[in-house]
Amino acid sequence: MISFFLGIRYIMILASIGVLGGALLMFLEGALLLRNAFTFVRTEPELSVTAAVLRATDKFLFGIVLTIFGYAITFGFVIAVSDEVRKRVPRWMILNTVAEMKILFIEVIILYLVVHFATVVAETEGMLDWNGLVLPGAALLLAAAMKLVASSTHDLGPK
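As the structure is a prediction and not an experimental result, all values here were calculated from the model.

Student: Describe the packing of aromatic side chains, with residues and values.
Tutor: For the structure shown, the criterion picks out three aromatic pairs. Geometrically, the ring pair formed by Tyr-71 and Phe-75 is stacked, given 6.0 Å between the ring centres and 10 degrees between the ring planes. Placement of both Tyr-71 and Phe-75 in helix α3 (residues 50–78) is noted, with a separation of four residues, approximately one turn of the helix. The class for Tyr-71 is partly exposed, based on a relative accessible area of 29%.

Okay, here's the thing in structure tokens:
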């Protein structure tokens, strides 16, 4: 019975493949947005390319994070990696526990909020109203929540 349930974990490879496919799409979308930014510089120099570059950066960062998640699922939960291989594989490719994955996910959301806020500021002409504090406030609250999750987690595996 135990071997049956251990064998089912290989189904998670489908999740890894899906996540890596999503990462590929994010890299493609980021490249297209960056190409558009170059087009703006050539054809319409009065348009600000800052927002387009920030949007492309956001897509690239999200693609990187999806890549990390794909590798983390594969090498952390599906394929047992020996200590010898673990030493050769970059640290970012292996997450040892679900708690590490939660912390990484919260960090990604905070990063997205910061980049999105910077994009909103770049696109806005003039001063932001008080509603503009929602994104930085949310990032601050999530950072506090991440700190609480990290401090309450006892099983973070080897460092």
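Student: Before we move on, could you go through a nonpolar patch on the surface and cite the residues and values that matter?
Tutor: A cluster of nonpolar side chains, contributed by Met-1, Phe-4, Phe-5, Ile-8, Ile-11, Leu-14 and Ile-17, occupies part of the molecular surface with about 800 Å² of accessible area. Those elements that place two or more of their residues in the nonpolar patch are α1 (2–8) and α2 (12–43). At three residues, the largest contribution of residues to the nonpolar patch is made by α1. Checked against the element boundaries, Leu-14 lands in helix α2. Using a relative accessible area of 61% as the deciding quantity, one classes Leu-14 as exposed.

Student: I'd like a rundown of the pattern of salt bridges, residues and numbers included.
Tutor: Applying the stated criterion to the full structure yields one salt bridge. Lys-59 is the salt-bridge partner of Glu-29, the closest N and O atoms lying 3.6 Å from each other. Of this pair, Glu-29 sits in helix α2 while Lys-59 sits in helix α3, placing them 30 residues apart in sequence. Overall, the relative accessible area of 35% leaves Glu-29 in the partly exposed class. The exposure class assigned to Lys-59 is partly exposed, which follows from its relative accessible area of 21%.

Student: Quick one: what's the story with the environment of Val-89, residue by residue and with numbers?
Tutor: Tracing the backbone shows Val-89 in the loop between α4 (83–88) and α5 (98–123). Judged by relative accessible area, which is 19%, Val-89 ranks as buried. Spatially, the C-alpha atoms of Val-89 and Glu-123 are 40 Å apart, while their sequence positions differ by 34 residues.

Student: Give me the confidence of the model for the protein: which residues, what numbers.
Tutor: Per-residue confidence for the protein gives a mean pLDDT of 82; residues scoring 70 or more make up 92%. The spread of mean pLDDT over the elements of the protein runs between α1, the lowest at 77, and α2, the highest at 91.

Student: Any details on the nonpolar core? Residues and values, ideally.
Tutor: Grouped together as the largest cluster of nonpolar side chains are ten residues: Val-65, Ile-68, Phe-69, Ala-72, Ile-73, Val-78, Leu-95, Met-101, Leu-104 and Val-108. The element contributing the most residues to this core is α3, with six residues. In this view, Val-108 contacts Phe-62 and Val-65; residues no more than four positions away in its chain are not counted. Ile-103, Ile-110, Ala-139 and Met-146 belong to the second largest nonpolar core, which has six residues in total.

Student: Tell me what's going on with the environment of Leu-32, and back it up with residues and numbers.
Tutor: Looking at the element boundaries, Leu-32 is found in helix α2. By relative accessible area, Leu-32 is classed as partly exposed at 40%. Separated by 105 residues in sequence, Leu-32 and Gly-137 place their C-alpha atoms 31 Å apart.

Student: Just give me the short version of the side chain of Thr-67, but keep the residues and values in it.
Tutor: Turning to its location among the elements, Thr-67 is positioned in helix α3. Overall, Thr-67 belongs to the buried group, its relative accessible area being 17%. Ignoring any residue separated from it by four or fewer positions in sequence, one finds Thr-67 in contact with Leu-20, Ala-23 and Phe-27.

The rules behind the values
Residues numbered from 1 in each chain as written. Predicted model: local features only at pLDDT ≥ 70, side-chain atom pairs only at ≥ 80, totals over all residues. Heavy atoms only, no water. Phe/Tyr/Trp six-rings, centres within 6.5 Å; stacked < 30°, edge-to-face > 60°. Helix = DSSP H or I, 4+ residues; strand = E, 2+ residues; numbered from the N terminus. Buried < 20%, exposed > 50% of the residue type's maximum accessible area, 1.4 Å probe, protein only. Patch = residues over 30% accessible without salt bridge, like charges linked within 9 Å, V, L, I, M, F, W, Y side chains within 5 Å. Areas by Shrake-Rupley, 256 points an atom, 1.4 Å probe, with all protein chains shown as cover. Salt bridge = Lys/Arg side-chain N within 4 Å of Asp/Glu carboxyl O. pLDDT = per-residue confidence, 0-100. Core = buried A, V, L, I, M, F, W, Y, C linked by side-chain atoms within 4.5 Å. Contact = heavy atoms within 4.5 Å.

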